[in-house]
Amino acid sequence: MQVGLTYDLRQDYLDLGFSEEETLEFDQLATIQALEETLRQLGFRTERIGNVWSLVQHLAAGRRWEMVFNIAEGLAGFGREAQVPALLEAYGIPYTFSDPLTLSLALHKGLAKRVVRDAGLPTPDFFLLESPAQAAKVALQPPLFAKPVAEGTGKGVSPLSKIDDLALLEPVCAEMIDRFQQPVLVESFLPGREFTAGIVGTGRRAEVIGVMEVILKPEAEAEVYSAENKEHWEERVIYQLVDDQEARRAGEVALAAYRALGCRDAGRVDLRSDHNNEPSFMEVNPLAGIHPSHSDLPILAGLAGVSYLELIGRIMDSALERSEVRPLPALARTGADHRPLTRLRPVRSAVQGGWR
């Protein structure tokens with residue numbers, strides 16, 4: 001089976017003049033190499049496609065794939081993670097991970113929290129602040145926590161994000177709005193333990209493979225899982241697999257939120273506990289990083305006894321099980337080097353011995 005790889009390579013954007021911060025979510029070459037090698041070990045043939053611009057060129061030239069392993073983050077806008085999946089859907093090409101609706105919804109943390117709240121799940125009270133002047137309308141009591149509404153990898157999160165004095169809310173949010181050109185999510189700060197739950201599968205078949213506690217060392221920026229702490233996690237963070245009552249509750253909330261938001265194949269849900277040790281949903285990453293030794297999901301999986309090979313295999317199992325490739329319309333079939341696709345019928349588990 002031919003599997004295309006879509007991704008945003010950090011160096012490509014740095015070469016175009018984008019900044020380190022703008023490219024923080026993008027992948028290193030080592031991630032692509034590890035993913036490609038693992039897929040080949042599982043019996044798949046691979047082809048590197050690259051970012052959305054490269055995908056457009058490939059599609060226009062008539063290239064098609066039986067499956068695309070998509071980890072492309074996109075560059076700008078609330079729909080940036082949805083761009084590659086939307087194109088693939090237009091051409092009837094199946095892909096891994098969530099669909100455009102879920103990716104856009106999850107990226108906008110405020111909208112995601114509304115869906116999770118409406119599903120009856122705990123999440124901190126919040127206010128979506130679109131301009132600094134709106135700071136006066138925030139009725140929440142400090143301490144508060146502020147972050148850009150649609151960034152990942154801790155972008156925009158620093159010790160200044162925790163706000164103990166309401167007088168600081170407007171200047172902190174003004175700086176974020178100016179810097180990231182998007183609204184700021186202001187939440188009630190939860191003082192308890194911080195967890196991230198790894199989930200694999202789709203719908204009723206989705207399951208929590210482990211809950212990991214994020215423990216900041218004294219060397220870390222205090223009280224915040226910031227971009228700096230994430231970037232230098234080896235020196236600043238302890239990741240600890242936990243299975244006590246509070247952690248199991250975190251896993252239950254995470255799985256319910258994952259399903260409520262329509263996430264597929266795999267993802268990661270971040271939670272934090274309140275004064276009563278009750279975990280609450282903070283945000284979800286339906287396109288979690290997959291560097292084998294640097295990204296939270298593979299780290300968590302490894303602690304839970306799930307190897308990188310098995311993790312990627314289970315993601316592919318989920319994507320192939322739910323996917324059906326239909327013949328493409330005549331307009332989409334034009335172009336060089338293209339054979340009409342037929343329905344995929346999985347023969348056996350990728351982990352157990354490959355697909356044919």
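Refer to the structure printed above.
Residues numbered from 1 in each chain as written. Predicted model: local features only at pLDDT ≥ 70, side-chain atom pairs only at ≥ 80, totals over all residues. Heavy atoms only, no water.

Undergrad: When you look at the sheet that holds strand β2 (residues 45–50) in this model, what are you seeing that I'm missing?
TA: Ordered in space as β2-β1-β3, the three strands form an open sheet in which the pairing is parallel. If you trace the sheet from one side to the other, it starts and ends with β2 and β3 (67–70), each paired once. If you compare each strand with its neighbour and ignore which way they point, the axes differ by 30° on average. Strand direction decides the pairing type here: strand β1 (residues 2–6) and β3, joined by four bridges, are parallel. Of the residues in β3, the one forming a bridge with Val3 is Met67. Against the sheet, helix α2 (residues 29–41) engages β1, β2 and β3, with an angle of about 155° to β2. (Pairing = 2+ DSSP bridges. Helix = DSSP H or I, 4+ residues; strand = E, 2+ residues; numbered from the N terminus. Axes fitted to C-alpha atoms, helices over the stretch in contact; angles between N-to-C directions. Contact = heavy atoms within 4.5 Å.)

Undergrad: How should unusual backbone geometry be read in this particular structure?
TA: Backbone geometry follows two general trends: most residues other than glycine have a negative phi, and most peptide bonds adopt the trans configuration. Cis geometry is found at the peptide bond from Pro142 to Pro143, where omega equals 5°. With respect to the secondary-structure elements, Pro143 resides in the loop between β4 (126–129) and β5 (144–148). Phi is positive for Glu223, close to 70°, though the residue is something other than glycine. Following the sequence through the fold, Glu223 ends up in the loop between β9 (207–216) and α8 (227–231). Overall, the relative accessible area of 39% leaves Glu223 in the partly exposed class. Although it is not a glycine, Asn277 adopts a positive phi angle of roughly 60°. Relative to the helices and strands, Asn277 resides in the loop between β11 (266–273) and β12 (279–285). (Buried < 20%, exposed > 50% of the residue type's maximum accessible area, 1.4 Å probe, protein only.)

Undergrad: When you look at the nonpolar core in this model, what are you seeing that I'm missing?
TA: Taken as a class, soluble globular proteins show a tendency for nonpolar side chains to be buried jointly. Counting residues in each nonpolar core, the largest one holds 40 residues, and the members touching the most others are Val3, Leu35, Leu39 and Phe69. Elements with a contribution of two residues or more to this core: β1, α2, β3, β9, β10 (237–241), α11 (296–303) and α12 (308–322). A per-element tally of this core places α12 first, with seven residues. In this structure Leu35 touches Leu5, Phe69, Ile71, Ile290, Tyr308 and Ile312, once residues within four positions along its chain are discounted. Core analysis: the next-biggest nonpolar cluster, separate from the first, contains 24 residues, Ala106, Val253, Cys263 and Val269 among them. (Core = buried A, V, L, I, M, F, W, Y, C linked by side-chain atoms within 4.5 Å.)

Everything listed here is a matter of coordinates, which is why it stays silent on function.
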